[in-house]
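Listed below, chain by chain, are the residues.
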Amino acid sequence: MVHLVRPQVNGAGTLTITEAGAEDSGNYSCTAVNAHGSDTIVYSVSVQVPPSPPTQFRVLEAGYDALQLEWAPGHDGGSPLRGFMVHYKRGEGGDWEEVAAAVTAGATASGGTSGSKVLAFRLKDLSCGSKYQLYVTALNRIGVGAPSQTLTAETRGNCSLIIKLTINPQSC
């Protein structure tokens, strides 16, 4: 089995980094030496990738037609985060839907990325007394990141509604 070494420098002095990832970001120096002396130049390389999955995803509160969600952003992938998408479906067999999450920042997340903020979002217009599966993805200019863990949550209430209509005839 052949293992390719990353990064590689070929005979002509070309540096090649295959399958570059965020861990390859940093300073790279190149030194040229000949009979007249030497010179060095330093290149700063920033590798940008889609963001990491959001962490600490949880349901704070279940209402009759809404779920209050909370999560902490993962690593931004070297590019500022542009937003989040909440993906959800009703029950086991429903179709996945998504909504852009206009989030509000909360307190600093404990156990998450240093200085990361907890974000909150209210997912509305759900059916009462129904189970939902949910996950969150983050977006930067490079693309959409991997999903958070998938949660199952249930809205409050009973879906059945009985309407009793009584008509009183009036005499003329």
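Only a predicted model underlies this, so the values are computations on that prediction, with no experimental measurement involved.

1. Topic: the overall build of the protein
Helix and strand content of the protein: zero helices and twelve strands. Contacts spanning at least 24 positions in sequence make up 55% of the contacts within the protein whose residues lie at least 6 apart. Roughly 11700 Å² of accessible area belongs to the protein as shown, and the carbon and sulfur atoms make up 52% of that amount.

2. Some points on the nonpolar core
Leu69, Trp71, Val86, Leu123 and Leu134 are the most contacted members of the largest nonpolar core, which totals 18 residues. If you tally residues by element for this core, the top one is strand β11 (residues 131–140), at four residues.

3. Considering the pairing of strand β5 (residues 55–62)
By the bridge criterion, five bridges tie β5 to strand β6 (residues 67–72) in an arrangement that is antiparallel. In the sheet register, Thr55 faces β6, and the bridge partner there is Ala72. Between β5 and β6, which pair antiparallel and follow one another directly, the connecting turn spans four residues.

4. A few points about the packing of aromatic side chains
Counted under the stated rule, the structure contains four aromatic pairs. On the numbers, 6.2 Å between centres and 70 degrees between planes, the contact of Phe57 with Trp71 is edge-to-face. Taken together, the positions of Phe57 in strand β5 and Trp71 in strand β6 put the pair 14 residues apart, joining distant regions of the chain. Connected via pairs of aromatic rings, a cluster forms that spans Phe57, Trp71 and Phe84.

5. Describing unusual backbone geometry
Positive phi outside glycine occurs at Glu19, with the angle close to 50 degrees. Along the chain, Glu19 falls in the loop between β2 (15–16) and β3 (26–34). Of note in the backbone geometry, Asp125 takes a positive phi value of approximately 60 degrees without being a glycine. As for its position among the elements, Asp125 is in the loop between β10 (117–123) and β11. Taking the relative accessible area as the measure of exposure, Asp125 reaches 71% and is therefore exposed.

6. Focus: the sheet that holds β11
Strands pair in a sheet through their backbones, by hydrogen bonds, and they do so in one of two ways: parallel or antiparallel. If you walk across this open sheet you meet the four strands as β8-β7-β11-β12, and the pairing is antiparallel. Two strands lie at the open edges of the sheet, namely β8 (97–101) and β12 (151–154), each paired on one side alone. Direction aside, the axes of adjacent strands within the sheet are offset by 35 degrees on average. Summarising the sheet, β11 and β12 pair through four bridges and their orientation is antiparallel. What sits directly across from Tyr132, in β12, is Ala153.

7. Section: the pairing of β3
Judged by how many residues are buried, β3 sits mostly at the surface: zero of nine residues are covered. The sheet contact formed by β3 and strand β4 (residues 37–45) spans nine bridges and is antiparallel. Along β4, the bridge assignment pairs Asn27 with Ser44.

8. Thoughts on the environment of Phe57
For Phe57, a relative accessible area of 3% corresponds to the buried category. Sequence separation between Phe57 and Ala120 is 63 residues, and the spatial gap between their C-alpha atoms is 9.8 Å.

9. Considering the confidence of the model for the protein
Averaged over every residue, the pLDDT of the protein is 85; the share at 70 or more is 83%. Low pLDDT, under 50, characterises residues 107–115; the stretch is placed with 17 contacts to residues that sit more than four places away or in other chains.

About the thresholds
Residues numbered from 1 in each chain as written. Predicted model: local features only at pLDDT ≥ 70, side-chain atom pairs only at ≥ 80, totals over all residues. Heavy atoms only, no water. Helix = DSSP H or I, 4+ residues; strand = E, 2+ residues; numbered from the N terminus. Contact = heavy atoms within 4.5 Å. Areas by Shrake-Rupley, 256 points an atom, 1.4 Å probe, with all protein chains shown as cover. Core = buried A, V, L, I, M, F, W, Y, C linked by side-chain atoms within 4.5 Å. Buried < 20%, exposed > 50% of the residue type's maximum accessible area, 1.4 Å probe, protein only. Pairing = 2+ DSSP bridges. Phe/Tyr/Trp six-rings, centres within 6.5 Å; stacked < 30°, edge-to-face > 60°. Axes fitted to C-alpha atoms, helices over the stretch in contact; angles between N-to-C directions. pLDDT = per-residue confidence, 0-100.

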